[in-house]
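Observations on the model geometry
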Amino acid sequence: RLEGPIRAFRTLRQVLTNKAQDLLVTVFGAGLFILLLGTFVYSVEALDSPEVFPDIPSAMWWCVNSMQSVAGYQDGYPKTSAGKAAGSICAVIGVGLVAVPAGIIGAGFLEVHSQLEASQDHHRPF
């Protein structure tokens, strides 16, 4: 009874192992975007709204929240045009942060499935 779920977890582990480097690059890229956009938002918003963006980590936190939901962090929002543009970029990048890993993992499942089919075809008698 457990053969199906165990095989599924084995397949998932193989996919994640095969695609670990690609997923790591995606996570690194996301971190870099958060750092750059958070720093930018802080630099353009610190004078206009110091209570919302008192430091770079606060701006990075706002950026992460904006990436994960269109509404963003409800306690504060950018007031300058440049800050609003950065918020829009955060929202668009947030969609990519879900789409890119999903595509990588989907491609990994196709590769593993193709390998399994090839090995099964190889073992079949004529």
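The following paragraphs examine the structure supplied in this document.

It is worth spelling out the nonpolar core at this point. Grouped together as the largest cluster of nonpolar side chains are 12 residues: Ile34, Leu37, Val41, Val52, Phe53, Ala59, Trp62, Cys63, Met67, Ala86, Cys90 and Ile93. Looking at this core, the elements that each hand over two or more residues are α2 (20-45), α3 (56-68) and α4 (81-123). The leading source of residues in this core is α3, at four residues.

This brings us to α3. The first and last C-alpha atoms of α3 sit 18 Å apart over 13 residues, in line with the 18 Å expected at 1.5 Å per residue. Buried within α3 we find Ala59, Trp62, Cys63, Asn65, Ser66 and Met67.

Another aspect to go through is α2. Its 26 residues place the ends of α2 37 Å apart at the C-alpha level, agreeing with the 38 Å of an ideal helix rising 1.5 Å per residue. Along α2, the residues that are buried comprise Leu23, Thr26, Ala30, Ile34, Leu37, Gly38, Val41 and Glu45.

A few words on the packing of aromatic side chains. Here the structure, examined in full by the defined rule, presents one aromatic pair. Relative to Trp62, the ring of Phe53 lies with its centre 5.6 Å away and its plane at 85°, an arrangement referred to as edge-to-face. Each member of the pair, Phe53 as well as Trp62, carries the same accessibility label: buried. Lying over the aromatic face of Tyr77, Lys79 brings its terminal NZ or CZ to 5.3 Å of the ring centre.

This part takes up the packing of α2 against α3. Two elements in contact, α2 and α3, have axes whose closest approach is 8 Å; the angle formed by their N-to-C orientations is 120°. Between α2 and α3, the interaxial angle falls into the category oblique. Crossing geometry of α2 relative to α3 is assigned as right-handed. Listed contacts from α3 to Phe33, Ile34, Leu35, Leu37, Gly38, Thr39, Val41 and Tyr42 of α2 are Ile56, Ala59, Met60, Trp62, Cys63, Val64 and Met67. In terms of residue class, the contact of α2 with α3 is built from 13 nonpolar, two polar and no charged.

Let's shift gears to the side chain of Thr80. Here Thr80 shows up in the loop between α3 and α4. Looking at Thr80, the relative accessible area reads 15%, which means it is buried. In this view, Thr80 contacts Val44, Glu45 and Asp48; residues no more than four positions away in its chain are not counted.

One pass over the structure, following the stated rule, counts two salt bridges. In this structure, Lys19 and Asp22 form a salt bridge, with 3.8 Å as the shortest nitrogen-oxygen distance. Glu111 serves as the salt-bridge partner of Lys19, at 3.1 Å between the closest nitrogen and oxygen. Of this pair, Lys19 sits in the loop between α1 (3-18) and α2 while Glu111 sits in helix α4, placing them 92 residues apart in sequence. By relative accessible area, Lys19 is classed as buried at 10%.

So, how was this worked out
- Residues numbered from 1 in each chain as written.
- Predicted model: local features only at pLDDT ≥ 70, side-chain atom pairs only at ≥ 80, totals over all residues.
- Heavy atoms only, no water.
- Core = buried A, V, L, I, M, F, W, Y, C linked by side-chain atoms within 4.5 Å.
- Buried < 20%, exposed > 50% of the residue type's maximum accessible area, 1.4 Å probe, protein only.
- Helix = DSSP H or I, 4+ residues; strand = E, 2+ residues; numbered from the N terminus.
- Expected span 1.5 Å × (residues − 1).
- Phe/Tyr/Trp six-rings, centres within 6.5 Å; stacked < 30°, edge-to-face > 60°.
- Lys NZ or Arg CZ within 6 Å of the ring centre and 35° of its normal.
- Axes fitted to C-alpha atoms, helices over the stretch in contact; angles between N-to-C directions.
- Parallel < 35°, antiparallel > 145°, perpendicular 65-115°, else oblique.
- Left-handed = near helix turned anticlockwise from the far one by under 90°.
- Contact = heavy atoms within 4.5 Å.
- Nonpolar A, V, L, I, M, F, W, Y, C, P; charged D, E, K, R; others polar.
- Salt bridge = Lys/Arg side-chain N within 4 Å of Asp/Glu carboxyl O.

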